[in-house]
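Here is what each chain is made of, one letter per residue.
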Amino acid sequence: MKVRTRYAPSPTGRMHVGNLRTALYAYLIAKHADGDFLLRIEDTDQERYVAEAEEIIFRTLEVTGMEWDEGPGKGGDFGPYVQSERVKAGIYMDYAKQLIEKGEAYYCFCDRERLESLKQTVDEGGKQIALYDKHCLALSKEEVQANLDAKMPFVIRQNNPREGTTTFSDVIYGDITVDNAELDDMILIKSDGYPTYNFANVVDDHLMGITHVVRGNEYLSSSPKYNRLYAAFGWEVPEYVHCPLITNEEHQKLSKRSGHSSFEDLTEQGFLPEAIVNFVALLGWSPADNEEIKSLSELVEQFDYTHINKSPAVFDMTKLRWMNGEYIKALSPEKFYDLAEPYLKQVITRDLDLHKIAGMVQTRIETFFYIAGHIDFFEAVPEYDIELYRHKKMKTTPESSLTLLEEILPALGEWEDYTNDTLYAMLSDYAKAHEYKNGYVLWPIRTALSGKAMTPGGATELLEILGKEESIKRIKEAIALLHSKL
């Protein structure tokens, strides 16, 4: 049988990292086996529906390279692929009525007051509801029809047994058995006529030929009820792959308050989509070769879902930043500049060579947000402590730096060729002639030009980018600062 997986998100907002991993694992399972990856929009929760969220889903999958074979915008033989459209076609109600005919489901008629009490009971734990609503089964067919004719509000519930056990099997967690007494009579069709997420999932997965269902382990507790639905219909149960919980560094569930819980949160913070996908793939799975940097095609080739770890996966921001830095280093200079240009222009308004500045920072940053901190001095020298001129290795002090800057200023003023190589040769010759180490000359100049202990380039690179006029101006200001402080 051809492997068919699906990603079935609810359009309620940004794509959570956990949902992104679900989509990725489903995609990798399908593509590793030359199978089909489907996209299905599960918009049955109309109260939480966010219209723009569908576009976020489409855009995220496209940006990350997870192209779907069937689904919205692509078509396919098993559509429609939006559940609200399937509701209008009467698909779910038809299958719910089949279960009623088999005695595997029942109408539960409720007035508004009763509906409110049911909601409260749900909040306290579903077991009581299942027992409470069993009285609905005692209604005769005539009474049921009369209530339907009278347009009494109703829901359709699964009719689970109170005795015995139900066992289901998961690739990651193995066989799990639960007492049927612990299963509530899950609502299948809500009072608004829409199916619940749980019921629509089962029906659609079967009708669309899904062979592997990938989802978070928070759905483990619902799986026995899914299996009872499959058994009630006489359908084959797909292979379940429940992914481990994702936690933050404090081992708490990753929440929206963390500031990096969604794909868009991360891209807005300067992370590359390719790095995010690579990182998310490793949240619960490790490649056999232990090499962590993997392209999407390499992940497709090597992914083995039977080796997913059941232990919670930690969202390690330090590791993600490192991985993102590796991806940034691997970019071509042209691609890096295209991505970095907006960040460069947010900081620098002066007429400087941004391409050269980009080249200086490419190997020094882990996300694009780091760019500003590396280059802000090109726009203006920040206030700084003259102790920056003190460097043990270079054997410099504020006093020696003042002397050096006053000595070198005339030479820099007379020099016309402000290119890196010629400047370096000139300053090296100057150091040699005065029996100085190169660092003894270069460190004060770099400090004067930047006002920083760390810069993305050396003294001569900064001289070249700033140009003669600005460089001389900054060195004169540094001399004045040193005189005022010493």
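Residues numbered from 1 in each chain as written. Predicted model: local features only at pLDDT ≥ 70, side-chain atom pairs only at ≥ 80, totals over all residues. Heavy atoms only, no water.

Of all hydrophobic cores here, the largest spans 138 residues; its most connected members are Phe199, Phe315, Phe336, Phe368, Ile371, Phe378 and Leu412. Apart from the residues lying within four places of it in its own chain, the contact partners of Phe378 are Ile348, Arg350, Leu352, Ile357, Met360, Leu462, Ile465, Leu466 and Arg474. (Core = buried A, V, L, I, M, F, W, Y, C linked by side-chain atoms within 4.5 Å. Buried < 20%, exposed > 50% of the residue type's maximum accessible area, 1.4 Å probe, protein only. Contact = heavy atoms within 4.5 Å.)

This part covers the sheet that holds strand 4 (residues 154–158). A sheet is described by the order of its strands in space; here three strands give the open sequence 3-4-7, paired in antiparallel fashion. Looking along the sheet, the strands with just one partner apiece sit at the ends: strand 3 (105–109) and strand 7 (187–189). When strand polarity is set aside, the average angle formed by the axes of neighbouring strands in this sheet is 45°. (Pairing = 2+ DSSP bridges. Helix = DSSP H or I, 4+ residues; strand = E, 2+ residues; numbered from the N terminus. Axes fitted to C-alpha atoms, helices over the stretch in contact; angles between N-to-C directions.)

Among the secondary structure elements, Arg350 is positioned in the loop between helix 14 (333–347) and helix 15 (354–361). Sequence separation between Arg350 and Gly413 is 63 residues; the distance between their C-alpha atoms is 22 Å. With residues up to four places along the chain from it excluded, the contact list for Arg350 reads Phe378, Glu379 and Glu470. Of the polar contacts made by the side chain of Arg350, one reaches the backbone oxygen of Phe378; its length is 3.4 Å. One polar contact links Arg350 to Glu470, side chain to side chain, over a distance of 3.1 Å. (Polar contact = N/O pair within 3.5 Å; in protein donor to acceptor, adjacent residues only side chain to side chain.)

Relative to the assigned elements, Asn159 resides in the loop between strand 4 and strand 5 (165–170). Residue Asn159 is classed as buried on the basis of its relative accessible area, which comes to 18%. For Asn159, the side chain forms a polar contact with the main-chain oxygen of Gly103, separated by 2.8 Å.

Time to look at the environment of Lys319. Looking at the secondary structure, you find Lys319 in helix 13 (residues 317–330). Looking at Lys319, the relative accessible area reads 25%, which means it is partly exposed. Between the alpha carbons of Lys319 and Phe279 there is a distance of 8.2 Å; along the sequence they are 40 residues apart. Leaving out residues up to four positions away in the same chain, Lys319 has contacts with Phe279, Leu282 and Glu292. For Lys319, the side chain forms a polar contact with the side chain of Glu292, separated by 2.6 Å.

What follows deals with the packing of helix 18 (residues 420–433) against helix 19 (residues 438–450). When two helices pack together, their arrangement is given by the angle between their axes and by how far apart the axes lie. The interhelical angle for the contact between helix 18 and helix 19, taken along N-to-C directions, is 125°, at an axis separation of 8 Å. Judged by the angle between their axes, helix 18 and helix 19 are oblique. Crossing geometry of helix 18 relative to helix 19 is assigned as right-handed. Here helix 18 contributes Tyr424, Leu427, Ser428, Tyr430 and Ala431 to the contact with helix 19, which in turn contributes Asn438, Val441, Leu442 and Ile445. A class-by-class count of the residues in the contact of helix 18 with helix 19 yields seven nonpolar, two polar and no charged. (Parallel < 35°, antiparallel > 145°, perpendicular 65-115°, else oblique. Left-handed = near helix turned anticlockwise from the far one by under 90°. Nonpolar A, V, L, I, M, F, W, Y, C, P; charged D, E, K, R; others polar.)

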